[in-house]
Each structure stands twice: as C-alpha cells, then as structure tokens.
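Survey of secondary and tertiary structure
Chain by chain, the residues run as shown.
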Amino acid sequence: MRRLSAPWKSLLIAGLTMTVQNGVLLTFPVVYVALLEEFRWGRGEAAGIYSVATLMIGLGGPLTGFLLDRFGPRRLFVGGALVTAGGMAATTMARSLSHFYLSYGILTGIGNSALTSTPNMVVVSKWFPRRTGRAIAIADIGTGLGVILIVPATQWLILHLGWRRALFTLAAFLVLVLIPANWAQRVPEEGQPAKPNSPGEGPPLGPTGRDWTLRSAVAGPQFWWLVLARLSSGMAFQMINVHLVAYVIGAGYGKMTAASTMGAVSMVSMLGRYLVGLASDRFGRAMAVTLAYASTALGILALMMLTATGPLALSAFVLCYGLSQGSSGIVVAARAADLFQGGSFGRIYGWMSVTNGIGEGLGAWLGGAVYDRTGGYQVAFGSAILALAIGAASIWLTYAKATPIEAPERT
C-alpha cells in the first residue's frame, strides 16, 4: 500500500472496514434463525435484539461524528472494533433475552456506530470532494463483499460449531483485521493536503464556499429532508434484510440456500453500488436514487411472489434488489457532502444518521411483529415499498427552489 496515493490508501482502508463491519453485522439474519430454534421466542422480540443494535448505531452517530472530527479516524475505528468484539464475545454467554439485548443490542451496537459506513463515508468524502459519489460507491462495494464472504461462512460455522462459537470466531476475526488496517487511516487535515487538481483536492467546503456548522445545517430544510430519507430507507431495507433468511426458509428452501441468497444479493450489489455512485455524479442524486428504489420495489414484489413462482422469483429478487442495495447510504452521503461539506461535516452527518438507526431498528422489529400478528410478511414487505417512495421524494425535495443555504462565516 506504500505506492498508493494518500486518498486511495484511505479509500481502500475504508472499504476494508465496511467489508468486515457490514459482513459481520449482517450475519444476524442467520444467527436469528438459530436463536428462534433454540429459545422459541416470538419473531418480533427476537428481531428486537437487532433493532436495539441498529438503534444504538443511529444514536451513536452524533458522538461518532464528534469523535471523528476531534480525534481522527484511527482512534475512532480501533476503539469501535474493540467494543464491538467485546459485545459479541459477551453475547456468546447469553442465556436470556435481556442479556442478548444488553450485550449484542447495546454494546455491539455502540461499537458498530464507530465502524459503519457513516464515518467511513465522511473520511472518503474529505479525500474526494469533487468525485464524491463515485468514491463513496467504490468504498461501499466492500459492504457487499463482506456479506458474500462472511454470511455463508457464518452459516457453515453455525451448522458445524453452533452459533456461540461462530459468533466468538467472528469477534476475533473483526479485531485481527480492523485494528491493524485502521492504524494507518487518516483524513487530509492530519497530514499533507492532496496535490492540486487531484481527486482529493481540498479543502472541501459546501456549495457556498463557506464552512458549515451543525447549527447552520440544522436551520435549513435540506438537512431535515435528508433525515427523512435516512429514516424511511433504513426502515425499508432492514425490513427485508433481517427477515430474508427466515422468509426463504419458510418458503421451503434450505438454510445454506437462504444464506447464499444474501450472498448473491450482495454480489450483485457490488456492481449496483458502483453504478449508483456513478449515476449520482452524472445524472444527479435524486434521479439515481429514484431508479435505484424502483429496482428495489421490483425486487420486493418478486420476493412476495416467491411461494407461487419459485426459483424464477428468487432470481428476479436477487437481481433487482441487489442492484439497489446500499444505494440509500451512497446517495444521501453524497447529497449531504454536496450541501454541508466542511470541518464539521462529521458531526453534521453523524446527527443526520441518528434516524437511520431508528428506521433500521423499526424496520427489523416491525417485520417480526407483523409476522407474529398476521402469520406472514406480505404486509411488512408492502410497507417497505411505501417507505422507499417516501425516501425518494425526500431526496428530490432537497433540490426545492434551488436556492443555496447561506452558511454563516465562522468568527
């Protein structure tokens, strides 16, 4: 990595971090099935474990943003890896639902808040202010790669070692990979700025050429439309992701097939993430997210017809849903960077991401609660499509009146 320029080195580290973090976090759907079999909990209360984790990830966003701006990415990511692994290790000793909520939900959620795409995208956006959408998309390819590699491997570990040993193995893996990698992570302000006319040219500022504060960002409607976009998209995608494995198994497929479906979706998403980032730079953020969410909706409709249509519907889901998975984070981060880039961008985007955790937690819990009440996922999946429509409309509304927000100069 010594021959790489500083921007590309940082981007690759961010991509690796998101590969491991997202891959490990999204093993929950296969662990979820094992927990249902062992403890016989309702799906709503079992999915609530993940809901608490995603809620803590969202609520940790402001603190993560502050720590990133104040101490830099190395300390943040190394600390996050240690806390996450500690929470996972503690979960292997859990015997009650409350213990799961405390160890996996709260502790692992807090640790993950420092490792998710939110702080990593902030770091990448600082290095690539002129090609933000594409740079973020390249780094975000790692989230898809992580699911491809880690989720099926975790299912294999669960089948052969049990979920407790599988979870402990994942905790050790996370520490051994992320701590050495992020020891070299930094942002431009910590070292030499990028060369003129390079992709990482700085310093990055908002569209008015002024540095933004959290107070000035919150004062404008664009901030709140992006907040709504994060809330609705988080709810929609997690309503599908958390319950996908259980749904596919319920339709008559084997556990490895169900886990591999998640891997296949993520394999397609590696191309989809890059295309969404490219489209957002070329055609605009709103058009890119509209096309992506239309593809998502088609994939969900195919999934809803899985029992009647069979493998053809599953293939259609993998293609359509995979092409758009991860699109919300890419587009919202790029649009936020368009509007609010500057020295406080970490804090601004951290606060903006609070509702993403709330939405993801709500979506994960709601999918299980609807199943417990209705005996199926159809109503929940239909609600996910409605949430996507709200999210797309919110991105369009950030362009309303096309009048830039004036950020007050710092004094």
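Note on numbering: residues in each chain are counted from 1, in written sequence order. Thresholds applied to this predicted model are a pLDDT of at least 70 for local features of residues and 80 or more for the giving and counting of side-chain atom pairs; totals over whole chains, interfaces and linings are not thresholded and use all residues. With hydrogens and water set aside, each side-chain value is computed from the structure's full complement of heavy atoms.

**Some details on empty space enclosed by the protein**
Points on a 1 Å grid over protein atoms alone make up a cavity when a 1.4 Å probe fits among them but cannot get out, and a pocket when they form an open set with protein on both sides within 12 Å along at least five of seven lines; lining residues each have an atom within 4 Å of a point. Grid points are joined across faces, edges and corners, and a volume is the space filled by probe spheres set on the points. Inspection of every chain in the model, using the stated rule, returns 4 cavities of 30 Å³ or more. In this structure, the largest cavity occupies an estimated 520 Å³ of space. Around the largest cavity, the lining is made up of 33 residues, and of these Asn 22, Ser 117, Gln 238, Asn 356 and Glu 360 lie nearest the centre. The helix and strand labels rest on DSSP assignments: H or I over at least four residues marks a helix, E over at least two residues marks a strand, and numbering proceeds from the N terminus. Looking at the lining of the largest cavity, the elements with two or more residues in it are α1 (6–25), α3 (43–59), α4 (61–71), α7 (117–127), α8 (132–161), α11 (221–250), α16 (327–340) and α18 (354–374). In terms of residues, the lining of the largest cavity owes the most to one element, α11, which gives 6 residues.

**Details of a nonpolar patch on the surface**
Excluding any residue in a salt bridge, patches collect residues exceeding 30% relative accessible area, merging like charges within 9 Å and nonpolar Val, Leu, Ile, Met, Phe, Trp and Tyr side chains within 5 Å. Per-residue and other accessible areas follow the Shrake-Rupley method at a 1.4 Å probe size, with only the shown protein chains counted as cover for residues. Salt bridges are defined as contacts in which a side-chain nitrogen from Lys or Arg sits within 4 Å of a carboxyl oxygen from Asp or Glu. Taken together, the side chains of Val 83, Leu 102, Ile 106, Leu 107 and Ile 110 present a nonpolar region at the surface, about 370 Å² in accessible area. Its place among the elements puts Leu 107 in helix α6 (residues 97–113).

**Topic: the packing of aromatic side chains**
Only centres within 6.5 Å qualify two rings of Phe, Tyr or Trp (six-membered ring in Trp) as a pair; their planes then separate them into stacked at under 30 degrees, edge-to-face at over 60, and tilted for everything else. Enumeration over the complete set of coordinates arrives at 18 aromatic pairs. When the centroid spacing of 5.9 Å and the interplanar angle of 75° are considered together, the rings of Tyr 247 and Tyr 377 count as edge-to-face. Residue Tyr 247 is located in helix α11, and its partner Tyr 377 is located in the loop between α18 and α19 (378–397); the two are separated by 130 residues in the primary sequence. Relative accessibility under 20% of the residue-type maximum defines a buried residue, over 50% an exposed one, and the middle range a partly exposed one, all with a 1.4 Å probe and only protein chains included. Assessed through its relative accessible area of 9%, Tyr 247 is described here as buried. Looking at Tyr 377, the relative accessible area reads 3%, which means it is buried. Ring geometry for Tyr 371 versus Tyr 377: centroids 4.9 Å apart, planes at 35°, classification tilted. In textbook terms, an aromatic cluster arises when at least three aromatic residues are bridged by ring pairs, as seen for Phe 28, Tyr 32, Tyr 50 and Tyr 104. Charge-over-ring contacts are defined here by two conditions on Lys NZ or Arg CZ: a distance within 6 Å of the ring centre and an angle within 35 degrees of the ring normal. For the cation-ring pair, Arg 74 lies above Trp 183, with the distance from its terminal atom to the ring centre recorded as 4.9 Å. Its guanidinium or amino end placed over the ring of Tyr 399, Arg 335 lies 3.7 Å from that ring's centre, counting from NZ or CZ.

**A short note on the packing of α7 against helix α17 (residues 345–352)**
Contact pair α7 / α17: the axes reach a minimum separation of 10 Å and the direction vectors enclose 145°. As α7 packs across α17, the resulting crossing turns out to be right-handed. Residues Thr 118, Met 121, Val 122 and Ser 125 of α7 form the contact with α17, whose participating residues are Phe 345, Gly 346 and Tyr 349. Fitting a line to C-alpha atoms yields each axis, with helices limited to the stretch in contact; the angle taken between N-to-C directions then spans 0 to 180 degrees. The sense of a crossing depends on the near helix, which, turned anticlockwise from the far helix by less than a right angle, makes the crossing left-handed and, turned clockwise, makes it right-handed. Should any heavy atoms of two residues lie within 4.5 Å, those residues are counted as being in contact.

**Quick look at the environment of Asn 241**
By the element assignment, Asn 241 lies in helix α11. Looking at Asn 241, the relative accessible area reads 6%, which means it is buried. In this structure the C-alpha to C-alpha distance between Asn 241 and Ala 364, which are 123 residues apart in sequence, comes to 8.1 Å. Beyond its immediate chain neighbours, meaning those up to four positions away, Asn 241 contacts Pro 29, Met 262, Tyr 321 and Gln 325.

**Details of the nonpolar core**
Note on terminology: a nonpolar core comprises buried Ala, Val, Leu, Ile, Met, Phe, Trp, Tyr and Cys residues joined through side-chain atoms within 4.5 Å. In this structure, Phe 317, Phe 340, Tyr 349 and Met 352 are the most contacted members of the largest nonpolar core, which totals 119 residues. Top element by residues in this core is α11. It accounts for 15 residues.

**What to know about the side chain of Arg 335**
With respect to the helices and strands, Arg 335 occurs in helix α16. Those residues in contact with Arg 335, other than ones at most four positions away along the chain, are Leu 226, Arg 285, Thr 398 and Tyr 399.

**A few points about unusual backbone geometry**
Although it is not a glycine, Arg 40 sits at a positive phi angle of roughly 60°. Secondary-structure assignment places Arg 40 in the loop between α2 (28–39) and α3.

**Some details on the pattern of salt bridges**
For the structure shown, the criterion picks out 6 salt bridges. Between Glu 37 and Lys 255 there is a salt bridge whose closest N-O contact spans 2.6 Å. With Glu 37 in helix α2 and Lys 255 in helix α12 (residues 255–283), the pair connects residues that are 218 residues apart, well separated along the chain. The residue Asp 338 makes a salt bridge to Arg 335 at a minimum N-O spacing of 3.8 Å. Of the two residues, Asp 338 and Arg 335 both sit in helix α16, 3 residues apart, roughly one turn of that helix. When salt bridges with common partners are traced through the structure, they connect Asp 281, Arg 285, Arg 335 and Asp 338 into a single cluster.

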